[in-house]
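Structure assessment
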Amino acid sequence: MANPKRAWKLQEFTAHGADVKCVGLGHKSGRVMVTGGDDRKVNLWSVGKPHCIMSLTGHTTSIEAVRFGHAEEMVIAGSLSGALKVWDLEQAKILRTLTGHKAGIKSLDFHPYGDYAASGSMDCNVKLWDIRRKGCIYTYKSHTGCVNCLRFSPDGRWIASAGEDDVVKLWDLTAGKLLTDLKLHKGPVNVVEFHPHELLLASGSSDRTIKFWDLETFQLVSSTEGDSTGIRSIAFHPDGMCLYSGSHDMLKVYGWEPVHCFDAVSIGWSDVCDMSISNTQMIGASFYKTNVSSFVVNLESVRPLGGSQATNSNRRESSGLSNSRKIFVTERPPTQSTKQASEPKQSDEPAEKTEEGEDASAADIQNPAEYRELFQGNIRQAHVNPPRVEPFRPPADDSADAEPVRQRSADKNERGAQNIKPSRPVERSPPPQKRSPRQANDISAEDFMPKQPEQVTGTLSENEVLDFIANGHNAMMTVMSNRSRNLQIVRAMWTSGNLKTAIDSAISMNDPAVLVDVVNILNLKTSLWNLDLCTILLPKLKELMSSKYECYVVTAGQAIKLVIRNMGQTIKTNLTAPPGIGVDISREERNKKCSRCHTALMDIRSMIEKRRDAAGKLASLYKEILLLMSTLD
């Protein structure tokens with residue numbers, strides 16, 4: 001009898017019209033996928049099928065992070081501009097647009113209870129959001145690098161955040177403060193995951209290790225040996241018996257007390273970006289340019305679930321589950337806020353203005369039958385009576401070399417009860433009443449608000465004031481250091497004599513601040529402007545004119561005035577001149593450049609005409625540009 005195949009590629013398809021930037025799997029069913037791309041769209045897919053179910057639009061910059069809600073009834077997407085959009089999939093409409101981050105979104109997660117979400121950004125901050133009332137509840141500041149990943153604990157009381165600064169931070173939501181820093185990684189931390197039951201945290205890093213942390217003592221439990229590449233994705237088995245680790249073209253399975261690699265499976269998924277476990281299969285997803293690929297791993301052929309004749313009890317003991325570690329109390333006990341949630345206190349920081357409004361957002365259902373099957377009713381009913389899902393089948397001609405499969409009979413409830421020793425009882429609150437995980441009436445935003453020191457002592461201590469100032473200073477220093485490094489690269493290319501390459505490099509960095517600095521220099525050096533430069537920069541100047549920062553708009557406006565004054569007549573003459581006799585390649589190239597410049601200027605003109613009623617400094621700027629553009633008619 002042939003052994004079943006351990007892993008295979010399920011599909012590969014073109015997901016977006018531009019480069020894909022992020023992919024997220026539904027972690028409840030493992031059968032839905034959401035993607036975000038440079039085309040500013042959020043697309044939904046059924047795993048294993050190449051046709052888009054629904055496309056969500058409204059963002060004005062590329063989509064950098066996406067995530068499903070726990071019941072797969074919502075999707076949250078974060079963009080390069082720092083704006084988030086939350087979508088109700090059952091109603092096929094946008095719920096909220098949330099703004100406040102000062103840089104692109106890198107990571108997202110939903111709270112296990114209630115309508116709350118968290119976001120991590122390249123501005124080094126973590127924000128907690130009330131998505132019902134469109135408010136930022138609190139901002140957690142301490143990272144000095146981009147927040148690559150964040151996760152809520154199973155009981156909803158903590159957030160773990162992984163940073164580019166090589167640190168994992170643990171935040172207490174009810175106290176509104178940092179619990180601890182976990183600092184033993186020697187490279188950027190890419191991903192963190194809480195154990196589904198025990199007070200245990202796993203973190204995967206570019207230093208090629210996974211570290212397991214005890215959340216009672218905040219000490220290291222164990223660490224894997226260096227892998228061949230950095231760790232891209234990790235996932236605990238739902239029963240908590242092992243951890244799956246995804247790195248470049250490889251899946252490994254670990255236990256942690258002591259650390260032990262049970263199995264390794266070679267899979268051609270390159271850098272896997274997300275993994276989801278459904279029944280006896282794992283689904284992995286990766287992307288390259290405009291394409292997305294999905295892969296299936298048969299967990300019954302992978303140790304410790306399969307491929308061994310060990311008994312369930314022996315398998316459990318070898319997997320690393322602890323009998324002594326405390327467990328998360330995932331049923332939230334009643335609190336003083338069990339009354340209807342009142343209006344949340346908002347963050348003291350004013351929200352950043354953005355043009356990513358809800359009015360411009362739309363959900364385009366492209367496959368109605370599949371949409372109704374996946375998102376209208378079935379998902380929420382699945383909480384009570386989940387339907388049986390057929391596993392994905394490997395290709396018929398595959399020969400397998402996996403170990404024999406055996407039946408699983410582990411009793412999850414018995415395992416959960418054995419996780420506590422009688423000598424180390426868990427202190428529990430009075431038994432809560434049964435409630436649906438999505439019922440949010442006994443959770444309010446005040447539960448997440450910190451107890452401010454001034455409420456206790458009447459004033460902030462000197463150390464607290466200094467810490468507050470230092471956190472803001474560190475974040476700003478990180479941003480400024482990155483900006484300085486990018487400007488040094490542009491300067492090196494500029495001084496070598498290749499101005500066009502320097503400008504192309506500044507544009508490719510996708511940092512508006514760097515581009516504005518470069519344009520400011522060009523505004524002072526008017527002799528540098530030529531048709532090549534205008535062709536490259538005018539589309540970017542249009543984007544800067546749409547910025548929420550007035551200084552960006554003013555700089556772009558001054559550059560546009562220079563272009564019209566210095567190059568406007570050349571552009572107009574080349575477009576209106578009669579066709580030449582014979583073949584003149586240089587003239588044809590010049591006409592193409594002038595045509596592109598004229599099109600970009602007309603687009604800018606159209607945008608400015610819609611804003612000509614603006615007040616203050618911008619009003620006079622818009623008026624000057626429109627007057628100059630009349631010379632192009």
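Residues numbered from 1 in each chain as written. Predicted model: local features only at pLDDT ≥ 70, side-chain atom pairs only at ≥ 80, totals over all residues. Heavy atoms only, no water.

1. A closer look at helix α11 (residues 585–609)
A rise of 1.5 Å per residue sets the reference length of α11, with its 25 residues, at 36 Å; its end C-alpha atoms lie 36 Å apart and thus fit the reference within 8%. Within the span of α11, buried status applies to Arg587, Asn591, Cys594, Cys597, Ala600, Leu601, Ile604, Arg605, Met607 and Ile608. The inward-facing, buried residues of α11 abut α9 (531–545), α10 (550–576) and α12 (617–629). (Helix = DSSP H or I, 4+ residues; strand = E, 2+ residues; numbered from the N terminus. Expected span 1.5 Å × (residues − 1). Buried < 20%, exposed > 50% of the residue type's maximum accessible area, 1.4 Å probe, protein only. Contact = heavy atoms within 4.5 Å.)

2. Here we look at the packing of helix α7 (residues 499–508) against α9
At a closest axis distance of 11 Å, the pairing of α7 and α9 adopts a crossing angle of 15°. It follows that α7 is roughly parallel to α9 by the angle criterion. Seen from above, α7 lies across α9 with left-handed handedness. Residues Leu499, Lys500, Ile503, Asp504 and Ile507 of α7 form the contact with α9, whose participating residues are Leu533, Ile536, Leu537 and Lys540. Here the contact of α7 with α9 is built from residues that sort into six nonpolar, no polar and three charged. (Axes fitted to C-alpha atoms, helices over the stretch in contact; angles between N-to-C directions. Parallel < 35°, antiparallel > 145°, perpendicular 65-115°, else oblique. Left-handed = near helix turned anticlockwise from the far one by under 90°. Nonpolar A, V, L, I, M, F, W, Y, C, P; charged D, E, K, R; others polar.)

3. Regarding a nonpolar patch on the surface
Together, Val465, Phe468 and Ile469 make up a nonpolar patch on the protein surface, roughly 310 Å² of accessible area in all. Tracing the chain through its elements places Val465 in helix α6 (residues 462–495). The partly exposed category is assigned to Val465, whose relative accessible area is 33%. (Patch = residues over 30% accessible without salt bridge, like charges linked within 9 Å, V, L, I, M, F, W, Y side chains within 5 Å. Areas by Shrake-Rupley, 256 points an atom, 1.4 Å probe, with all protein chains shown as cover. Salt bridge = Lys/Arg side-chain N within 4 Å of Asp/Glu carboxyl O.)

4. Describing the sheet that holds strand β14 (residues 147–152)
Strand order across the open sheet formed by four strands is β14-β15-β16-β17, with antiparallel pairing between neighbours. The two strands at the open ends of the sheet, each matched to only one other strand, are β14 and β17 (177–182). Put simply, the sheet's adjacent strands are angled 20° from each other on average, direction ignored. By the bridge criterion, five bridges tie strand β15 (residues 158–163) to strand β16 (residues 168–172) in an arrangement that is antiparallel. Counterpart to Trp158 in the pairing with β16 is Asp172. (Pairing = 2+ DSSP bridges.)

5. Concerning the confidence of the model for the chain
Of the residues in the chain, 78% have a pLDDT of 70 or more, and the chain-wide mean is 81. Confidence drops under a pLDDT of 50 for residues 333–345, and excluding neighbours within four residues, the segment shows 32 contacts in the predicted structure. (pLDDT = per-residue confidence, 0-100.)

6. Describing the environment of Ala369
Counting through the fold element by element, Ala369 comes out in helix α2 (residues 368–375). Put simply, Ala369 and Ile53 are 316 residues apart on the chain and 8.9 Å apart in space, counted from C-alpha to C-alpha.

7. Concerning α9
The end-to-end C-alpha distance of α9 is 20 Å, a good match for the 21 Å that 15 residues give at a rise of 1.5 Å each. Residues of α9 that are buried include every one of Leu531, Leu533, Cys534, Thr535, Ile536, Leu537, Leu538, Leu541, Leu544 and Met545, and no others. Where α9 is buried, its residues meet α7, α8 (512–524), α10, α11 and α12. The backbone nitrogen of Asp532 has a side-chain oxygen 3.2 Å away, supplied by the residue at the start of α9, namely Asn530. (Polar contact = N/O pair within 3.5 Å; in protein donor to acceptor, adjacent residues only side chain to side chain.)

8. Let's talk about the sheet that holds strand β2 (residues 20–25)
Taking strand neighbours across the sheet as the criterion, the five strands line up as β2-β3-β4-β5-β29 in an open arrangement whose pairing is antiparallel. With partners counted over all chains shown, the strands left at the sheet margins are β2 and β29 (362–365), one partner each. Strand after strand, the sheet turns through a mean of 20° between neighbouring axes, direction not considered. As paired elements, strand β5 (residues 52–57) and β29 share four bridges and run antiparallel to each other. By the bridge assignment for β29, Leu56 is matched with Ala363.

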